[in-house]
Amino acid sequence: MALINDKEKKHILVISGEPRVLAEIKAELMGHFDISIAASGAAALSAMEMYEISAIIIYICQNREIAFSVFTEVFDSAKSKNIPIKFLAEKGNDEDETAAFKIGAVDYTTRRKGTAKALADRIGLRITASEYEKNHFKRKTDANSYEKILHNKTILVAEDVEINRDIVAAMLSEIDGLTLEFAVNGKEAVEKFEKSPSLYALILMDVQMPVMNGLEATKAIRRLSCENAREIPIIAATADVEEKEIKLCMEAGMNGYIEKPVSSEKILACAIEHCKTGCES
């Protein structure tokens, strides 16, 4: 399943001084994004003025100083437009990774053959998080706002992929009074719920997880004799939204689903809908 539908393609800017690398990366990612390429910081700044850029990818080759110099050239403009900058390395190392995050990059990864889809997913997740951060503080609040609904609530997120946990945290962790707890597999989710069944207002359950998957974990929670075991809303997070998959989720005892990759709009709407019970009037 493609991360981004053609009609929803985001525009990314790839920067490298090597024409071969630019051509290769563009070919790998063009099915997922609209792509502009630039061979220098000056060209990158021009592209940023011409297009609505959703993410910038700076490729680190043998001459790492050039890549970090380009980052310095484009950083202020990118920051003002809330455009995330990601370093993509030919050969990664801990020193460069530490330096990248220290100066303000949102991600650092190594390019590997055959992993274009994984790279596209990773870029897409970073774009999603940045769009959330850009829009979050523009939303007007009132007596029925999501801040009030989610205040003093705790959501349990069962998700085995670390970057996905980071994205959910970026989307929800700044909401005043909302607490997030994470489980890395279904078994841990069941154990956390059983230990504190009245703590959680909602469980966001990834379907595909090791040790115990989301369907098995949901069934296990529903079988518990403890308080809230049958009332707690459990929402599937799944990339497979075919009818037969959703039917399995409902039969396991889930209350609904959100499609992966999750967006801030999807996850906020889900949290608001299922956490309204118990909200102070």
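Residues numbered from 1 in each chain as written. Predicted model: local features only at pLDDT ≥ 70, side-chain atom pairs only at ≥ 80, totals over all residues. Heavy atoms only, no water.

Novice: Looking at this structure, I do not really get the overall build of the protein. What am I missing?
Specialist: The helix and strand tally for the protein stands at 11 helices and 10 strands. For the protein, whose C-alpha radius of gyration is 21 Å, the value lies close to the compact-globule estimate of 19 Å for 281 residues. For the C-alpha atoms alone, the extent of the protein along its principal axes is close to 60 × 40 × 35 Å. In the protein, which comprises 281 residues, the share counted as buried stands at 49%. Of the contacts formed within the protein by residues at least 6 apart in sequence, a portion of 66% connects residues at least 24 apart. For the protein, the computed accessible surface area is about 14400 Å², with 49% contributed by carbon and sulfur atoms. Each charge class in the protein was averaged separately, 36 positive and 45 negative side chains, and the resulting centres sit 1 Å apart. (Helix = DSSP H or I, 4+ residues; strand = E, 2+ residues; numbered from the N terminus. Rg over C-alpha atoms; globule rule 2.2 N^0.38 Å. Buried < 20%, exposed > 50% of the residue type's maximum accessible area, 1.4 Å probe, protein only. Contact = heavy atoms within 4.5 Å. Areas by Shrake-Rupley, 256 points an atom, 1.4 Å probe, with all protein chains shown as cover. Lys, Arg positive; Asp, Glu negative; His and termini not counted. Charge placed at Lys NZ, Arg CZ, Asp CG, Glu CD.)

Novice: How should I be thinking about the nonpolar core in this particular structure?
Specialist: The nonpolar side chains of a soluble globular protein tend to be buried, and buried together. In terms of nonpolar packing, the biggest core is built from 28 residues, with Leu150, Ile155, Leu172, Leu178, Leu202, Leu204 and Ile258 touching the most fellow members. Those elements giving two or more residues to this core turn out to be helix 5 (116-136), helix 6 (146-150), strand 6 (154-158), helix 7 (162-172), strand 8 (202-206), strand 9 (234-238) and helix 11 (264-275). Ignoring anything within four residues of it in the chain, the contact list for Leu178 reads Leu150, Asn152, Lys153, Ile155 and Leu172. (Core = buried A, V, L, I, M, F, W, Y, C linked by side-chain atoms within 4.5 Å.)

Novice: What should I look at first to understand the packing of helix 7 against helix 11 in this one?
Specialist: Contact geometry of helix 7 with helix 11 gives a least axis separation of 10 Å together with a crossing angle of 70°. Compared by their axis directions, helix 7 and helix 11 come out roughly perpendicular. Both helix 7 and helix 11 take part in a crossing whose hand is right-handed. Between helix 7 and helix 11, the residues in contact are Val168, Met171 and Leu172 and Ser264, Ile267 and Leu268, respectively. (Axes fitted to C-alpha atoms, helices over the stretch in contact; angles between N-to-C directions. Parallel < 35°, antiparallel > 145°, perpendicular 65-115°, else oblique. Left-handed = near helix turned anticlockwise from the far one by under 90°.)

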